[in-house]
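What follows is each chain in one-letter form.
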There are 2 protein chains.
Amino acid sequence: MEIEVLRIGQRLVRDDRVTTHVALVARAFGATKIYMNEVNPEIKDTLEKINNTWGGDFDIEFIDNWKNVIKKRKSESAKIVHLTMYGENINDVDSKIQNEDEVLIVVGAEKVPREVYELADYNVAIGNQPHSEISALGVLLDRMQKGNQFHATYQNAQRKIIPTKQGKNVIVNETRD
Amino acid sequence: MEIEVLRIGQRLVRDDRVTTHVALVARAFGATKIYMNEVNPEIKDTLEKINNTWGGDFDIEFIDNWKNVIKKRKSESAKIVHLTMYGENINDVDSKIQNEDEVLIVVGAEKVPREVYELADYNVAIGNQPHSEISALGVLLDRMQKGNQFHATYQNAQRKIIPTKQGKNVIVNETRD
């Protein structure tokens, strides 16, 4: 499955850390790319540093118009999955989404324009209680890939963690200053 | 299963929003309580407002000493689950944790003291890539309860969402000014 994420509606500064976390979750949970607008360029630097250290080629694209991204990806036959606490319960739709080939996940901040609900192929609620777009994205990606994302290999990593019961076991592949 | 969360190591102001999201995820994903220290009291107000509007009696307790909380809950036979990117892969331990009766989940911010690793019954990694303690907590709670937390009822809610394919369907139980 090919997965991309579109972040919309974040407010400058106030949402910077949340948007950074959204991007990190997208990268760590198997998405290949995140589109975002109006964000602090430092977020891109942060993600590039993470790529350098931990591997992989997760991509960030800054965009001007989120609607064009949704429409373009729809026309290329990606399914649009919009995360909203008002949507269908993930427990009822995860098996359907698992069968899609290409998915664009829309992650809103505060109020999301009605048009997003209409453009979406799936409006999905990770439960119908208020929580966090970060956890919502994490659980959606985990359900979509049935946990297999946690066995993925990140190419060209300087550092790699070997899971361990206690303490820290890290392989460092490059000498550092 | 009875689940509580302990938040440790947050830095004042810088981590306030992240800690709020951690607390919201704990509440929305079936934990009964969160312990936290050194936090902005506004976080408690925020969660109380959420309880009033969306129901349930999720509890926040401000604490002085996190070590005492861990030791006390351990002595009462709760298992300590510490979320860390260095731990065992969740895919390998979720079935064991599902069988526990009482769990205290430890969610750290930046650097976590070595003692936490030693006190933990499980050091668990939601994948071994850097992401967010918010998504880590969300996925852990989802795995532990196999998604059943999203069918829970929150008592005395003023507002309740009816899941829907498109748009918003909210039942409002009280007149508001």
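Draft legend 1. Expanded view of the overall build of chain A. Helix and strand content of chain A: six helices and eight strands. Helices (α) and strands (β) of chain A occur, in sequence order from the N terminus, as β-α-β-α-β-α-β-α-β-α-β-α-β-β. Taking 177 residues into account, the globule formula puts the C-alpha radius of gyration at 16 Å, and chain A, at 17 Å, falls close to it. In terms of overall dimensions, chain A has a C-alpha envelope of 50 × 35 × 30 Å along the principal axes. Considering only intrachain contacts with a sequence separation of at least 6, the fraction spanning at least 24 residues in chain A is 79%.

Draft legend 2. Inspection of the nonpolar core at higher detail. Counting residues in hydrophobic clusters, the biggest one holds 112 residues, and the most contacted among them are I105, I126 and L137 of chain A together with I105, I126 and L137 of chain B. Apart from residues lying up to four places away in sequence, I105 of chain B is in contact with I3, E4, V5, L6, V81, L83, L137, L140, L141 and M144 of chain B.

Draft legend 3. Geometry of the pairing of strand β2 (residues 33-36) of chain B. Residue and element names in this part refer to chain B. Residues K33 and Y35 line one face of β2 and the alternating positions I34 and M36 line the opposite face, and both faces are buried. Across four bridges, the pairing between strand β1 (residues 2-8) and β2 is parallel. If you follow R7 over to β2, its bridge partner there is M36. Running through helix α1 (residues 16-28), the crossover from β1 to the neighbouring parallel element β2 is right-handed.

Draft legend 4. Geometry of the confidence of the model for chain A. When pLDDT is averaged along chain A, the result is 94, and 98% of the positions lie at 70 or above. This complex was scored by the predictor with a pTM of 0.96 and an ipTM of 0.96.

Draft legend 5. Structural view of the relation of the copies chain B and chain A. Mapping chain B onto chain A is achieved by rotating through 180° and translating by 0.0 Å along the same axis, at an RMSD of 0.0 Å. These values place the two chain copies in the arrangement generated by a two-fold rotation axis. Considering only C-alpha atoms, the part of chain B nearest the rotation axis is S135 of chain B, at 2.0 Å. Residue by residue, 100% of the interface of chain B is reproduced at the interface of chain A, so both copies engage with the same surface.

Draft legend 6. Layout of the environment of V124 of chain A. All names here are of chain A. By secondary structure assignment, the location of V124 is in strand β6 (residues 122-125). Spatially, the C-alpha atoms of V124 and L140 are 8.7 Å apart, while their sequence positions differ by 16 residues. When residues no more than four places from it in sequence are discounted, the contact partners of V124 are V81, H82, L83, T84, G87, E88, I90, V93 and I97.

Draft legend 7. Summary view of helix α1 (residues 16-28) of chain A. Residues and elements named next belong to chain A. For α1, built from 13 residues, the straight-helix expectation of 18 Å at 1.5 Å per residue is met to within 8% by its first-to-last C-alpha distance of 18 Å. Restricting attention to buried positions, one finds in α1 the residues D16, V18, T19, T20, H21, V22, A23, L24, V25, A26, R27 and A28. Backbone geometry just after α1 places G30 at a positive phi near 95°.

Draft legend 8. Quick peek at the pattern of salt bridges. Applying the stated criterion across every chain yields a total of 30 salt bridges over all chains. With a closest N to O distance of 3.5 Å, D121 of chain B and K74 of chain B form a salt bridge. With D121 of chain B in the loop between α5 (114-119) and β6 (122-125) and K74 of chain B in helix α3 (residues 66-75), this residue pair connects regions lying 47 residues apart in the sequence. Within this structure, E2, E4, K72, R73, E76 and E102 of chain A form a network of salt bridges that share partners.

Definitions and cut-offs
- Residues numbered from 1 in each chain as written.
- Chains lettered and ligands numbered in written order.
- Predicted model: local features only at pLDDT ≥ 70, side-chain atom pairs only at ≥ 80, totals over all residues.
- Heavy atoms only, no water.
- Helix = DSSP H or I, 4+ residues; strand = E, 2+ residues; numbered from the N terminus.
- Rg over C-alpha atoms; globule rule 2.2 N^0.38 Å.
- Contact = heavy atoms within 4.5 Å.
- Core = buried A, V, L, I, M, F, W, Y, C linked by side-chain atoms within 4.5 Å.
- Buried < 20%, exposed > 50% of the residue type's maximum accessible area, 1.4 Å probe, protein only.
- Pairing = 2+ DSSP bridges.
- Right-handed = clockwise from strand over helix to strand, strands pointing away.
- pLDDT = per-residue confidence, 0-100.
- Least-squares fit on C-alpha atoms with pLDDT ≥ 70 in both.
- Expected span 1.5 Å × (residues − 1).
- Salt bridge = Lys/Arg side-chain N within 4 Å of Asp/Glu carboxyl O.

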